[in-house]
Amino acid sequence: ATCAASRGALFSGLHPHQNGIMGFIDTHGFHYREGLTTFIHALKGKGYACGLTYKTGVKPNPPFDFKPSYKQNRLTGEDSNHLVNNSIDNFRFFLQRHEKGTPFYFQAQTPDTHTTWQRPEFIKPGSEGWPYPDVDLAKVRPFDWLGDDFPMNERFRREVGTYYRAIQRVDWFVGKILALLDEFGHADNTLVIFSSDHGPSHLLRGKTTPYEAGLHVPLIVRWPGVVANPGTRCSALVSFVDLSPTFLEAAGVAPPPYLPGYSLIPVFKGKSPARRYLYSSYVAHTTNQGSYWPTRTITD
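Residues numbered from 1 in each chain as written. Predicted model: local features only at pLDDT ≥ 70, side-chain atom pairs only at ≥ 80, totals over all residues. Heavy atoms only, no water.

Student: Teacher, can you tell me more about the environment of Phe-143 here?
Tutor: Within the secondary structure layout, Phe-143 lies in the loop between strand S2 (104-107) and helix H5 (154-183). For Phe-143, a relative accessible area of 10% corresponds to the buried category. Along the chain, Phe-143 and Ser-281 lie 138 residues apart, while their C-alpha atoms are 23 Å from each other. (Helix = DSSP H or I, 4+ residues; strand = E, 2+ residues; numbered from the N terminus. Buried < 20%, exposed > 50% of the residue type's maximum accessible area, 1.4 Å probe, protein only.)

Student: I tried to follow unusual backbone geometry on my own but got confused; where do I start?
Tutor: Where the residue is not glycine, phi is negative for most of them; where a peptide bond is considered, it is trans in most cases. That bond from Lys-59 to Pro-60 is cis: its omega, -5 degrees, falls within 30 degrees of zero. Structurally, Pro-60 is set in the loop between strand S1 (49-52) and helix H4 (83-96). The phi angle at Tyr-54 is positive, at roughly 70 degrees, despite the residue not being glycine. With respect to the helices, strands and loops of the structure, Tyr-54 is situated in the loop between S1 and H4. The residue Thr-208 is not glycine, and still its phi comes out positive at about 75 degrees. What makes Thr-208 partly exposed here is its relative accessible area of 28%.

Student: Honestly, helix H7 (residues 243-250) in this entry has me stumped. Any pointers?
Tutor: Along an α-helix, residues three or four apart share an orientation, since each turn contains 3.6 residues. Most of H7 sits inside the fold, with 6 of its 8 residues counted as buried. Here H7 has its buried residues at Leu-243, Ser-244, Pro-245, Thr-246, Phe-247 and Leu-248. Downstream of H7 by a residue or two, Gly-252 has a phi angle that is positive, lying close to 80 degrees.

Student: Got a minute to help me understand the pairing of S1 in this structure?
Tutor: Walk down a regular strand and you will see the side chains alternate between the two sheet faces. Burial of the side chains of S1 extends over both faces: Ala-49 and Gly-51 are buried on one face and Cys-50 and Leu-52 on the other. Bridge count for S1 against S2 is 4 bridges, and the pairing is parallel. Residue pairing across strands places Ala-49 opposite Phe-104, the latter belonging to S2. Considered for its hand, the β-α-β crossover made up of S1, H4 and S2 is right-handed. (Pairing = 2+ DSSP bridges. Right-handed = clockwise from strand over helix to strand, strands pointing away.)

Student: How should H4 be read in this particular structure?
Tutor: Its 14 residues give H4 an end-to-end C-alpha distance of 20 Å, which sits within 8% of 20 Å, the value for a rise of 1.5 Å per residue. With 12 of 14 residues buried, H4 is to be regarded as a mostly interior element. Among all positions of H4, only Leu-83, Val-84, Asn-85, Asn-86, Ser-87, Ile-88, Asp-89, Asn-90, Phe-91, Phe-93, Phe-94 and Leu-95 are buried. Buried residues along H4 sit in contact with S1, S2 and H5. (Expected span 1.5 Å × (residues − 1). Contact = heavy atoms within 4.5 Å.)

Student: Just checking my understanding: could you explain the packing of aromatic side chains for this structure?
Tutor: For any two aromatic rings, the description comes down to two numbers: the centre-to-centre distance and the angle of the planes. In this structure the tally under the stated criterion is 15 aromatic pairs. Ring centres of Phe-143 and Trp-145 lie 4.3 Å apart, and the angle between their planes is 5 degrees; this geometry places the pair in the stacked category. Here Trp-145 falls in the partly exposed class, since its relative accessible area comes to 28%. Within the aromatic cluster, the residues linked to one another by ring pairs are Phe-66, Phe-91, Phe-93, Phe-94, Phe-104 and Phe-106. One Lys or Arg, Arg-97, reaches over the ring of Phe-93 and ends 3.7 Å from the middle of that ring. (Phe/Tyr/Trp six-rings, centres within 6.5 Å; stacked < 30°, edge-to-face > 60°. Lys NZ or Arg CZ within 6 Å of the ring centre and 35° of its normal.)

Student: What am I meant to see in the pattern of salt bridges here?
Tutor: Two side chains of opposite charge can pair, provided their charged atoms sit close to one another. Overall, the coordinates contain 6 salt bridges when judged by the stated rule. Its salt-bridge partner being Arg-92, residue Glu-183 comes within 2.9 Å of it at the nearest N-O pair. Residue Glu-183 is located in helix H5, and its partner Arg-92 is located in helix H4; the two are separated by 91 residues in the primary sequence. Looking at Arg-92, the relative accessible area reads 24%, which means it is partly exposed. Arg-157 is paired through a salt bridge with Glu-154; the nearest N and O atoms lie 3.5 Å apart. Of this pair, Arg-157 and Glu-154 both sit in helix H5, 3 residues apart, which is roughly one turn of the helix. Given a relative accessible area of 14%, Arg-157 falls into the buried group. (Salt bridge = Lys/Arg side-chain N within 4 Å of Asp/Glu carboxyl O.)

Right under this line is the structure:
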């Protein structure tokens, strides 16, 4: 339910208490246990080129070949706060220099699950293909997870409105990323997974809480020729620890036997899921006293 721990689980395929990252890294001391490897290590061993935009959120970092800083635009040579545009341009930069015939993994990211969504400058003025109208605040309603007892005052209405604006921005971003895959001829043979590392931050019962809104994030999969029923909704339970064995199987690598997750490829092909329960944890975001609130959930 928080960023560093979620990303720690993503890269390692292990739950936070197993891999060591149970909260925010850097000054707070959480880090991967000594000797731990990630699926990026395994993909590199199979000859994959691995790139990423925005952040990893873990320490030590997986061995990405391409990992520009938050503000760096390698395509234009400019440094700015327009992180969404930077993420798009940096993916183009990566694809332009990608060696033909070499498989790749790329983690294209934006900061839009964070309260940075309140900064409209993350999209450069005049960016092409922005199709969205302004959010009508009069139509904003309380989230379902807040129930009927939460007052929808004007300040909260504005907060939710800017969050919806961020969702528009992410939708615009995803369209640009998919268009680049098509432009460079990778659309038909690339597994694409869209998700998020936690629910909305700074909105009550969202990020840092293992309630529904903190844990339930989007999951959209596109893999031409492999997904059995494109355009349909699947009710299978999925955990972030399932992504590592999924990527390994897709690359032809046998997942380590100690991983607690399940490859999702059988689910993509229309078979019954192996997972029956979801296990989640929240320990801390930072190490200050108010952020330490160990919580566990099990969901069927």
